[in-house]
Amino acid sequence: MVKNWLKKFFKAPRFLSKYTPDRNIKKQKRPYIIPSRFGVYFGSGILVLIALAYTYANQLIYLIAFFYSSVLFIAMHLTNNNIKSIEISELFVPNFFQDETGILKITLHNNHSKYSARFLNIDIIGYGLTSVVTEIPPNSFQTTEMILQKRSRGKYHYPKVTLSSKFPFNLFYSWKRLTWDQEFFVYPAREGHADPPYSSEDELSKKLDLTSARLDSQSDNFLGHKEYTAYENYKRIDWKVYARKNKLYVKTFETESSKICYIDFSEYFRNVGDFEKRINQLTKWIFDSQKWNTLFVVKLSNDEVTFLDDRKKFESLLEKLSVFRIQDLT
Amino acid sequence: MSRLLLTDYKSLAFCIFTSTLLLFPDVPLWCFTLGILFWLWRLFCHVFDFTIPSRTITGILSFLALGVVLLDFRTLMGKEPAASFIVILAGLKSLEFSEESEKDFLVLLGFFLISSKFLFSYDLTYLILSIPIYVLLTLNLFPTAWLKASRNRALLYLGKVCLLAVPMAALMFVFFPRITKKLMELPTSSRYGTSGFSESVSPGSISRLSLSAEIVMRVELFNNATNLSSLYFRGQSLEKNSQMTWNYLRTNEGIKKSLVPKETDYKIILEPHYRSYIFSLRNTERMMTETLGIYHDLDFNFRFDSFLEKKAVILASFGEARPQVNAVTIARNTKMPDMSMLTAEQQKQIQVLVSQLKGKNARPEQISKSILDHFSSNRFAYTLETGENPSLNLHDFLFKQKKGYCEHYASAMALLLRLSGVPARVVVGYHGGEFNPMGNFWTIRQKDAHAWVEYVNSQNNWIYVDPVSVVAPQRIELGSNVYNSIINEMLTEDEIRKKISSTDTISQLSMWFDNINYRWSTFLLEYDFDRQKDILKSLNLSLGGALVMILIALFIISVFINLLQKRGVKKKFSELSFNEINNWAAQFDLQKKDNEGPVNWLHRILQQLPEKNKNSQPDLEKAFSMWIQMSYQKPLSETENKRTFSEIRKIIRRA
């Protein structure tokens, strides 16, 4: 009971964000403190002064040594508190493409009601990334962004973050470490110069035995509206126009919009020349189709057909490709 | 990089340089010059943008310096070699300073440099001078970026840290147990101290001393009021003479350890003079100090068992009448002066004078009076102008020069007494001083240095006589300070009166500062293991108890710092009320959804509430309505909010 009360007392408020994961994902350890290298020298200096004061029975040297011992003691508390009042409210790494730069976004919250936290070092373990936050006023948040890079695709754990400080006198080193039980994807690189394997709606509907409505593709080359007839693809009805005019209209696009990119995984990866290159090429096609808003249909190795008609599906396929291995084909 | 120190870290450079300057009197000249040369080198590099020497070069130079210090002092232990090496090291480190990361080490060196000054002096003036240096050094420990951006905030922050540190330091100072044994045998003798008298006095040697205003000692008299003219502080008696030069004669006759005074008649705070003798008032019988042993001979010339190389507090008491002078001493002090250097004519002239002074009555008292009368009636003058002249002989002084300082008259009178067959000797010490009415103590300076005569009277007792009292009575009545002012500045009567009463602002301020300095020195010097034990005894604490108390105090201060920095955002009353409601609902496994409004949340609670709790429905509705009012309707005052919150809490707890 007491422990709960203490937990409640020391708990930091959450930074409300759509990326903020559940509380149990975040493991923020208590702060630790040790003397810094300069702190060791300084402490030794005080000992030397006390030894001199002993030897020469010099009360003034005693006084100076005691004063600096007190400063040392207070500095220990100040450095510890400088870290203690800081919580990492948010850590977010959006997925990014291999060989390109990603962003690591970290939000710190100073939950102290009175004092600013100063000169905090953020170290991203395993990435060699460091950043310094010079000041976070009381009861406020500060977000820092750092650039990440990865040379190979895959699924990665969120990096461990060390928050440290030597403020104010560089005599002590206080730190706390945060582990965030979450993962991010590094998509395959967007590389390759081959043209996408386009099919027409008719070809594909025969191949996959589907209705044309299901295979509706769109490009962003919008031509205009025309009235809806019973044969039109209902997905093209512009409901906004309907709301204004109380009449059904459909959107028309350029002719190339009828092109659909279709990939059958088992066929595409059958001749594995350079597996990575093929994955990279596929990623580029997927990315381009998303960019130009053309329909992309994928038949996965388990014969599941996926229509990449919204962003989530694109991202989901890219995530699969991030961890795709040759063995997955069989 | 050669400009980094003197552009970005000006204050740090200033601190190190000033600390080096403050150590000038305490380290050998070559060390100080070397330290300053390194600074000039750095300045040269800065001005002409020259490359600063590499670390290899400065490393070699520091090893060389260490070697030379070792050769010079024959040791590296002790305060003088240490201070000398730190001065050179600070110069070298400042010379090679090229990166921000080296700043901390330089600051640490600065701390040592300025602190080492206090190994040599307790003086409050140095402490006051060093406080801004300590502040600037500590300020330089802050991150440079912060200092540049907001120096005032950094200063304020430092002020708060110091405010917290002061009581803790005071507590540690009072209760931290002092060990009286030395940790190791560090050399304590100095090669340099020469202040005060040497063991010989020749014509001009005291007049040279009288040009210095350096403080010799401060004296506090307790039991008897003493006027200035009777304040003779005896240093040592000189019994061996050669012409007019008098030397100390080591006899070791009747040397014994001084007894501890039963009652303190006066207290001396003696500045270090790197000699073993102690200055004492007439009829002093017992003396003691904490740090050194004190001995005295048959004539009560007091001496330490070692050289006095730091300030000492000496407690002293007067004694009964002195025993009669023994035959050996009389024989030693009746030894006729060697007159062979003088021509027969000169010797005859002196003989005539001596026989005139002796007259028919050969009693020592009468002879002494005749000599004084001779000085007063034959236009002898008291002056500093004669300068140093160690080869001056008695004839020239008595018949040609007829002017001199105290040592001329004391030497001449002692010689005349001996020529008349009266045992006599010269005594050197101090006379007079400045009285500080604020602190009720006397300050004796080098310019109060004095010499007088002692002769053995007809009852075989040593009697002191001061020939200056007849040549320049004002010097004895008013003291050297006022007398010299009168002579040199040609003061009017009003000015003399003002000078004597010391009523002008500068004198008052000077006395005030001197008083504080005296108290400060006394406090530091007298605070020792015994004093500490007295304090602990008055608090009913043992030494172990004191240590435990320090630990408890540290713990309390630690908690205090944490409480001061109470963490956690202060929540609004509406949030607190909301938490109360939510916590209450949590016991029925009900949790508010993120997208749920307060009214919906209330309805859901009411629907899902167990049957047995249904009767708390009206209370809950009331609490919700109050919370909604507080959160979403027109803002209430802080007091009203608080009242509403406590009401909601009551309702919820009842429910």
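Our subject is the structure listed above.
What you see is a predicted model, and the numbers here were worked out from it, not measured in a lab.

## Things to note about empty space enclosed by the protein
Phase 1: With the rule as written, the count across this model stands at two cavities of 30 Å³ or more.
Phase 2: Of the volumes computed, that of the largest cavity is approximately 100 Å³.
Phase 3: Lining the largest cavity we find S237(B), E239(B), Y248(B), L249(B), T251(B), E253(B), D297(B), L298(B), D299(B), N301(B), T329(B) and R332(B).
Phase 4: Taken together, the residues of the lining of the largest cavity break down into three nonpolar, four polar and five charged.
Phase 5: Considered as a void within the structure, the second largest cavity measures approximately 90 Å³ in volume.
Phase 6: Surrounding the second largest cavity, F42(A), G45(A), I46(A), L49(A), Y68(A), L108(B), F111(B), F112(B) and S115(B) form its lining.
Phase 7: Secondary-structure elements contributing two or more residues to the lining of the second largest cavity are α2 (37–56) of chain A together with α6 (103–116) of chain B.
Phase 8: For the lining of the second largest cavity, the residue count by class is seven nonpolar, two polar and no charged.

## Some points on the nonpolar core
In a soluble, globular protein the nonpolar side chains are often hidden away together inside.
Phase 1: Counting 90 residues, the largest nonpolar core has F42(A), F169(A) and F142(B) as the members making the most contacts within it.
Phase 2: Of all the elements, helix α3 (residues 59–84) of chain A adds the most residues to this core, at 13 residues.
Phase 3: Those residues in contact with F142(B), other than ones at most four positions away along the chain, are P168(A), F169(A), K103(B), L147(B), A154(B), Y157(B) and L158(B).
Phase 4: The next biggest cluster of nonpolar side chains, apart from the first, holds 78 residues, and it includes F279(B), F380(B), V426(B) and W452(B).

## Some remarks on the sheet that holds strand β1 (residues 200–201) of chain B
Residue and element names in this part refer to chain B.
Phase 1: If you walk across this open sheet you meet the three strands as β1-β5-β4, and the pairing is antiparallel. This sheet does not close on itself; its edge strands, each paired only once, are β1 and β4 (240–242).
Phase 2: Two elements, β4 and strand β5 (residues 245–247), share three bridges in a ladder whose sense is antiparallel. Directly across from N241, in β5, lies its bridge partner W246.

## Digging into unusual backbone geometry
Phase 1: Each neighbour pair has its own omega, and for F167(A) with P168(A) the value is 10°, a cis peptide bond.
Phase 2: Unusually for a residue other than glycine, N283(B) sits at a positive phi of about 65°.
Phase 3: Along the polypeptide, N283(B) turns up in the loop between β8 (280–281) and β9 (284–288).

## Quick notes on the pattern of salt bridges
Phase 1: Scanning the entire structure with this criterion turns up 24 salt bridges over all chains.
Phase 2: E183(A) is paired through a salt bridge with K155(A); the nearest N and O atoms lie 3.7 Å apart. Placement of E183(A) in strand β12 (residues 183–187) and of K155(A) in strand β9 (residues 154–157) is noted, with a sequence separation of 28 residues between them.
Phase 3: Its relative accessible area of 38% is what places E183(A) among the partly exposed residues.
Phase 4: Across the pair K93(B) and E102(B) runs a salt bridge, and its minimum N-O distance is 3.9 Å.
Phase 5: Relative accessible area serves as the criterion here: at 14%, K93(B) is assigned to the buried category.
Phase 6: The structure contains a network of salt bridges with shared partners spanning R234(B), E239(B), R332(B), R425(B) and E454(B).

Thresholds applied
- Residues numbered from 1 in each chain as written.
- Chains lettered and ligands numbered in written order.
- Predicted model: local features only at pLDDT ≥ 70, side-chain atom pairs only at ≥ 80, totals over all residues.
- Heavy atoms only, no water.
- 1 Å grid on protein atoms, 1.4 Å probe; cavity = no way out; pocket = protein on both sides within 12 Å on 5 of 7 lines; lining within 4 Å.
- Points joined across faces, edges and corners; volume = space filled by probe spheres on them.
- Nonpolar A, V, L, I, M, F, W, Y, C, P; charged D, E, K, R; others polar.
- Helix = DSSP H or I, 4+ residues; strand = E, 2+ residues; numbered from the N terminus.
- Core = buried A, V, L, I, M, F, W, Y, C linked by side-chain atoms within 4.5 Å.
- Buried < 20%, exposed > 50% of the residue type's maximum accessible area, 1.4 Å probe, protein only.
- Contact = heavy atoms within 4.5 Å.
- Pairing = 2+ DSSP bridges.
- Salt bridge = Lys/Arg side-chain N within 4 Å of Asp/Glu carboxyl O.

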